[in-house]
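# Structure at a glance
Next come the chains, spelled out residue by residue.
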Amino acid sequence: MEAIILAGGKGTRMKGTVPKVLVEVNGTPIIKKVYKAVNNKYVNRTIIVVGEQKETIQNTLSGNITYAYQMIPLGTMDAYIQALPYVSTKEVIVVPADIPYLDKSIIQDIIEYYYQNNIRNLLIGMRVMNPYNYGRIIIDNKKIRIVEEKECSEEERNVNIVNTGIYIFHVEDVYNYLKELQIHHQNNEYYLTDYINYLASNKLLDSLIFPENYHLKGANDLETLKILDNEYNNENTFKKIY
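Residues numbered from 1 in each chain as written. Predicted model: local features only at pLDDT ≥ 70, side-chain atom pairs only at ≥ 80, totals over all residues. Heavy atoms only, no water.

## Some remarks on the environment of Asn-197
Heads up, the rule is: Each helix is a run of H or I in the DSSP string that is no shorter than four residues. Each strand is a run of E no shorter than two, and both are numbered from the N terminus. The classification of residues rests on relative accessible area computed with a 1.4 Å probe and restricted to protein chains. Under 20% of the type maximum is buried, over 50% is exposed, and intermediate values are partly exposed. Pairs of residues are marked as contacts when any of their non-hydrogen atoms sit within 4.5 Å.
Note on placement: Asn-197 falls in helix 7 (residues 192-201). Residue class for Asn-197 comes out partly exposed when judged on its relative accessible area of 22%. Measuring from C-alpha to C-alpha, the distance between Asn-197 and Val-147 comes to 9.1 Å, with 50 residues separating the pair along the chain. The contacts of Asn-197, once residues within four sequence positions are left out, are Arg-145 and Ile-146.

## Focus on the pattern of salt bridges
Going by this rule: A pairing counts as a salt bridge when a side-chain nitrogen of Lys or Arg comes within 4 Å of a carboxyl oxygen of Asp or Glu.
Inspection of every chain in the model, using the stated rule, returns eight salt bridges. In this structure, Asp-98 engages Lys-20 in a salt bridge whose closest nitrogen and oxygen atoms are separated by 3.1 Å. Of this pair, Asp-98 sits in the loop between strand 6 (91-96) and helix 4 (104-116) while Lys-20 sits in the loop between strand 1 (2-7) and strand 2 (24-25); the two residues are 78 residues apart in sequence, bridging distant segments of the chain. Residue classification places Lys-20 among the buried positions, given a relative accessible area of 13%. Across the pair Lys-217 and Glu-231 runs a salt bridge whose closest N-O atoms are separated by 3.5 Å. Note that Lys-217 is positioned in the loop between strand 11 (206-211) and helix 8 (222-241) and Glu-231 in helix 8, a separation of 14 residues in sequence. On the basis of relative accessibility, which here comes to 9%, the residue Lys-217 falls in the buried class. For Glu-231, a relative accessible area of 27% translates into the label partly exposed.

## Re the pairing of strand 6
Here is the rule we go by: For two strands to be treated as a pair, DSSP must find at least two bridges joining them.
Along strand 6, six of the six residues are buried, which leaves the element largely enclosed by surrounding structure. Going residue by residue along strand 6, you find Glu-91, Ile-93 and Val-95 tucked away on one face and Val-92, Val-94 and Pro-96 tucked away on the opposite face as well. Judged from the five bridges that link them, strand 1 and strand 6 form a sheet pairing that is parallel. Within the sheet, the bridge partner assigned to Ile-4 lies in strand 6 and is Val-94. As defined by bridge partners, strand 6 adjoins strand 10 (residues 161-170) across four bridges and the pair is classed as antiparallel. From the neighbouring strand, Val-94 faces strand 10, where its bridge partner is Tyr-167.

Pasting the structure below:
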């Protein structure tokens with residue numbers, strides 16, 4: 001299996017001069033922590049999709065890495081497509097570059113679950129107390145679909161099962177989907193979640209839902225990053241006491 005890290009976005013909501021994926025958490029850039037988490041015994045190579053920060057990210061990382069360039073940030077599906085020419089395995093695990101406390105053991109557990117259950121495509125979700133800022137995973141009569149928060153109805157906003165942005169894909173399935181690819185004109189982006197919905201509608205998708213865990217939470221802005229830092233510090237303070 002190979003890993004794809006999606007790091008092509010601008011990350012402007014961090015409101016700083018440093019790109020989001022290069023913001024340091026406990027002295028380490030977020031992208032470096034994500035790379036370490038996916039760099040495990042099941043992953044042969046990592047492909048990182050980069051945009052304007054290509055050189056800076058390349059100077060930050062070292063290892064068995066291939067870089068794919070997303071010239072124009074046209075969304076997560078476009079980023080995945082840019083990585084495909086470099087993929088040489090039948091399966092890939094796709095991970096966002098903005099999960100600051102992503103843990104290697106969780107990634108290994110996900111991959112083991114995928115192989116042990118003979119799954120074709122896998123969606124990783126999480127049940128949370130506050131689903132704000134996340135795409136919602138709607139499960140209705142065992143049918144799965146994802147709705148981005150900005151497109152949720154009032155009823156869908158109350159759903160507390162959210163998309164972590166982590167997936168394992170059987171690579172060849174995407175080529176049948178490309179002819180159905182549609183852009184969201186509101187922001188001129190192609191959503192990877194549309195592909196998830198396609199897989200689900202064709203019965204090619206399974207899901208694995210975790211309980212709430214800060215190790216699986218992304219940080220889109222400084223406020224969220226501060227909350228995750230506090231969860232990390234509280235957990236480690238507890239460990240030190242006991």
